[in-house]
Amino acid sequence: MNGKGGGEEAAAATSSAPPPLDWKFSQVFGERTAGEEVQEVSIAVSFGPAVSDVDIISAIEFDKSGDHLATGDRGGRVVLFERTDFKEHGSRRDLEKQDYSISSHPEFRYKTEFQSHEPEFDYLKSLEIEEKINKIKWCQTSNSALFLLSTNDKTIKFWKVQEKKVKRVSEMNVNPAQASANGNIPSSCFSSPRACLPNGGCSESPYKYLSNDFKFPPGGFPTLRLPVVVASEETSLNARCRRVYAHAHDYHINSISKNSDGETFISADDLRINLWNLEISNQSFNIVDVKPANMEDLTEVITSAEFHPMQCNTLAYCSSKGSIRLIDLRQSALCDNHSKLFEEHETPGTRSFFTEIIASISDIKFSKNGRHILSRDYMTLKLWDINMDSGPVATFQVHEHLRPRLCDLYENDSIFDKFECGVSGDGLRIATGSYSNLFRVFGCASGSSEATTLEASKNPMRRQVQTSARPGRALSGLTRAVRRGTDSPSVDANGNSHDFTMKVLHLAWHPNENSIACAAANSLYMYYA
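Note that the structure is predicted; figures quoted are calculated from it, not measured. All residue numbers refer to position in the chain's written sequence, counted from 1. Note on the predicted model: pLDDT of at least 70 is required for a residue's local features to be given, and 80 or more for side-chain atom pairs to be given and counted; whole-chain, interface and lining totals, by contrast, use all residues. Water and hydrogen atoms play no part in the side-chain values, which are based on all heavy atoms of the structure.

## Focus: the confidence of the model for the chain
This is how it is decided: Per residue, pLDDT captures the predictor's confidence, and it can take any value from 0 to 100. Here, residues are in contact when the closest pair of their heavy atoms is within 4.5 Å.
Predicted confidence across the chain gives a mean pLDDT of 81, with 73% of residues reaching 70 or more. Counting interchain partners and residues more than four positions distant, the pLDDT-below-50 stretch residues 38–51 has 45 contacts. In the model, residues 176–209 has pLDDT below 50 throughout and makes 49 contacts with residues more than four positions away in sequence or in other chains.

## Some words on a positive patch on the surface
For clarity, the threshold we go by: Patch membership is restricted to residues that have no salt bridge and whose relative accessible area is over 30%. Joining uses 9 Å for like charges and 5 Å for the nonpolar side chains Val, Leu, Ile, Met, Phe, Trp and Tyr. Residue exposure ignores everything except the shown protein chains as possible cover, and the areas themselves are Shrake-Rupley values with a 1.4 Å probe. What counts as a salt bridge is simple: a side-chain nitrogen of Lys or Arg found within 4 Å of a carboxyl oxygen of Asp or Glu. Only four residue types enter the charge count, namely Lys and Arg as positive and Asp and Glu as negative; His and the chain termini do not. A single reference atom marks each charge: NZ on Lys, CZ on Arg, CG on Asp, CD on Glu. Here a helix means four or more residues in a row that DSSP labels H or I, a strand means two or more in a row labelled E, and each is numbered from the N terminus.
Positive charge collects at one region of the surface, where Lys-164, Lys-167, Arg-240 and Arg-242 lie side by side. Elements with a contribution of two residues or more to the positive patch: strand 10 (156–169) and strand 13 (229–245). Here Arg-240 shows up in strand 13.

## Section: a nonpolar patch on the surface
Definition in use: Three exposure classes are used, based on accessible area relative to the maximum for each residue type with a 1.4 Å probe and protein chains only: buried under 20%, partly exposed in between, and exposed over 50%.
On the surface, a nonpolar cluster with roughly 310 Å² of combined accessible area is contributed by Phe-353, Tyr-410 and Phe-416. Its place among the elements puts Phe-353 in the loop between strand 21 (340–342) and helix 4 (355–359). Take Phe-353: its relative accessible area is 56%, and that puts it in the exposed class.

## Structural notes on the sheet that holds strand 19 (residues 314–319)
The pairing of strands in a sheet happens through backbone hydrogen bonds and is either parallel or antiparallel. Going by this rule: In this analysis, strands are considered paired if DSSP registers two or more bridges between them. Note on geometry: axes are lines fitted to C-alpha atoms, helical ones only across the stretch in contact, with angles between N-to-C directions running from 0 to 180 degrees.
Strand order in the open sheet formed by four strands is 18-19-20-21, and the pairing between neighbours is antiparallel. Two strands lie at the open edges of the sheet, namely strand 18 (302–307) and strand 21, each paired on one side alone. Averaged over all adjacent pairs, the angle separating strand axes in this sheet is 20 degrees, with direction ignored. The pairing of strand 20 (residues 324–328) with strand 21 spans three bridges and is classified as antiparallel. When the sheet's bridge partners are listed, Ile-324 is paired in strand 21 with Phe-342.

## Topic: the pattern of salt bridges
Counted under the stated rule, the structure contains 26 salt bridges. Across the salt bridge formed by Asp-328 and Arg-330, the nearest N and O atoms sit 2.9 Å from each other. According to the relative accessible area criterion, Asp-328 is buried, its value standing at 14%. Overlapping salt bridges bring together Lys-125, Asp-250, Arg-272 and Asp-289 as one network.

## Thoughts on unusual backbone geometry
In most cases, non-glycine residues show a negative phi, while peptide bonds are predominantly trans. Located in the positive-phi region is Asn-143, a residue other than glycine, with phi close to 50 degrees. With respect to the helices and strands, the residue Asn-143 is situated in the loop between strand 8 (135–138) and strand 9 (146–151). For Asn-143, a relative accessible area of 67% puts it in the exposed group. Positive phi outside glycine occurs at Ser-144, with the angle close to 65 degrees. Along the chain, Ser-144 falls in the loop between strand 8 and strand 9. Overall, the relative accessible area of 69% leaves Ser-144 in the exposed class.

## Some thoughts on the packing of aromatic side chains
This is how it is decided: Two rings belonging to Phe, Tyr or Trp (six-membered ring only in the last case) form a pair when the distance between their centres is within 6.5 Å. Interplanar angles under 30 degrees mark stacking, angles over 60 mark edge-to-face geometry, and anything in between is tilted.
Under the counting rule described, the total for this entry stands at 23 aromatic pairs. The interplanar angle of 75 degrees and the centroid separation of 5.1 Å between the aromatic rings of Tyr-245 and Phe-265 together place this pair among those described as edge-to-face. Residue Tyr-245 is located in strand 13, and its partner Phe-265 is located in strand 15 (residues 264–268); the two are separated by 20 residues in the primary sequence. Assigned by exposure class, Tyr-245 and Phe-265 land together as buried. A centroid spacing of 6.1 Å and a plane angle of 5 degrees characterise the contact between Phe-265 and Trp-276, whose relative ring orientation is stacked. Of the two residues, Phe-265 is situated in strand 15 and Trp-276 in strand 16 (residues 272–277); the sequence distance between them amounts to 11 residues. Classification of Trp-276 by relative accessible area gives buried; the value is 2%. Three or more aromatic residues link up through ring pairs in this structure, and these residues are Phe-25, Phe-439, Tyr-525 and Tyr-527.

## Some words on the nonpolar core
Formally: Here, nonpolar core means buried Ala, Val, Leu, Ile, Met, Phe, Trp, Tyr and Cys residues that are tied together by side-chain atoms lying within 4.5 Å of each other.
Formed by 15 residues in total, the largest nonpolar core has its most connected members in Trp-23, Phe-439, Val-441, Ala-456, Ile-516, Cys-518 and Tyr-527. Those elements that provide at least two residues to this core are strand 28 (438–443), strand 31 (506–509), strand 32 (515–520) and strand 33 (523–528). Ranked by the residues each element gives to this core, the list is headed by strand 32, at three residues. Other than its neighbours up to four places away in sequence, Ile-516 contacts Trp-23, Ala-431, Phe-439, Val-441, Ala-508, Trp-509, Tyr-525, Met-526 and Tyr-527.

## Some points on the sheet that holds strand 29 (residues 451–455)
Overall, antiparallel pairing links the four strands, which are arranged 26-27-28-29 in an open sheet. A strand with exactly one partner marks an edge of an open sheet, and here the two such strands are strand 26 (421–423) and strand 29. Going across the sheet, the axis of each strand differs from the next one's by a mean of 20 degrees, ignoring polarity. Sheet analysis places strand 28 next to strand 29, joined by five bridges and oriented antiparallel.

## Some remarks on the pairing of strand 23 (residues 372–376)
Across the five residues that make up strand 23, a large majority, four, are buried. As defined by bridge partners, strand 22 (residues 363–366) adjoins strand 23 across four bridges and the pair is classed as antiparallel. Looking at strand 23, one finds that Phe-366 is bridged to Ile-373. The loop that links strand 22 with its antiparallel partner strand 23 comprises five residues; one of these, Gly-370, has a positive phi angle of about 80 degrees. Note that strand 23 and strand 24 (residues 380–385) share five bridges and pair antiparallel.

## Regarding the environment of Ser-58
The criterion, for reference: Two N or O atoms form a polar contact when they lie within 3.5 Å of each other; inside protein one atom must be a possible hydrogen donor and the other a possible acceptor, and for residues adjacent in sequence the pair counts only when both atoms belong to side chains.
Checked against the element boundaries, Ser-58 lands in strand 2 (residues 57–62). Ser-58 sits in the buried class, given a relative accessible area of 3%. For the pair formed by Ser-58 and Lys-132, sequence separation is 74 residues and the distance between their alpha carbons is 7.3 Å. Dropping the residues within four chain positions of it, Ser-58 is found in contact with Gly-72, Asp-73, Arg-74, Lys-132, Ile-133, Asn-134 and His-506. In this structure the side chain of Ser-58 is engaged in a polar contact, spanning 3.5 Å, whose partner is the backbone oxygen of Asp-73.

## So, the environment of Thr-112
Mapping Thr-112 onto the fold places it in strand 5 (residues 108–115). The class for Thr-112 is buried, based on a relative accessible area of 13%. In sequence terms Thr-112 and Val-78 are 34 residues apart; their C-alpha atoms lie 8.6 Å from each other. In contact with Thr-112, not counting residues within four places along its chain, are Val-78, Val-79, Leu-80, Val-161 and Leu-237.

As structure tokens, then:
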């Protein structure tokens, strides 16, 4: 790879890399009005200026098809959105069979919302349990019903959302035409001001007695209608909690992940990972336990865990020390020993007080084919090949200009923010959030130098950061640690200091298209390319 031959190979790889995407604004739900403080509005239906902290979005997840999107907030609510831009032409599967060109502008609409979790209090530990939704995961659909898992710090719930026809009770009264034909009830009893009574009579009002000229016929009224429950054409969405998975975690749940077998899922807290069966809520199996015999010996905690998208026996979890462990459930019941360890060795002479803090991995994601793992620590995105544990194949600087300000970030606790990451369905691009409501998109294909900065607003390109035009080196088995996307130090593109109270912590990439949904406080923004 050295010398002229290596340069020609890198240039060829660069020329074959896909061009950068042109991102455009699609939709926003719950956008704050001008001058409104960060008290936030509900993304579902409320758009007024007076709002509270409970409306801040804390989780975003597309389903497998990408036709539904779920968000959770700090108030314990789950809001569902459904895609509408292709419904008038039929289902997505039918359009693909007909080779129909699906619109490149995805549109979603509000579908329903429900209260998933309520605030609780643990009397044994004198501990308040927040209702905040930490994670949402979609499960396999069945009979047009939607299924999803949602969790707060302690309790996981399995929800079923289904459309049901509205049932009504038919009125209980006498058929006027047939009753008057018998000559038993005065016609005046059926005038509009009068109400029909349950016994077949009528009155001026529900609280007045029958008129004096009313008489019951022998044997009663043969046309008396009994109440009947009838199904109308109207439908309503009903969310029902099918199962509750509780009392299995002593520490706060930081992640849940559904298995590709469709039957099991895992939940992870700081020290343990438990394996659940969707059908069994009162029993789980502890598969990873990093709790030492003496808590004073504790050096790292689990920060996130994720199942392999195709291999039901493989999962990965990351730690606060910046390492990722791949485990095989077939090896043993308690997976104390990992099958592979991914970590980047520290460069000599670069250690500081903040080294361990910023090395903590906040989120990991498998690529769609399961070949790569994307990890997000405080300063960077790293792409790992599961077949190469010597180091990351590429490193992407998210906000390197903040490194001189780590002391300030530590003082205001921003250095402990947990940013999520996302991988495109084709595996060619990755995304993550930053401060000042910015998020970044990088190209991770061989030879790509794409590094785009977008703002979570109706004009995403407004604060575009100028990046180096020098192309990155080609990714290969011999080339790794490619660093791209370094910004100018201390300031953004407009020369303004970053606002650490405005941040994009949560985002999700559409599984089949170049479309991103991201949360800025209470607002849900959607973009497409």
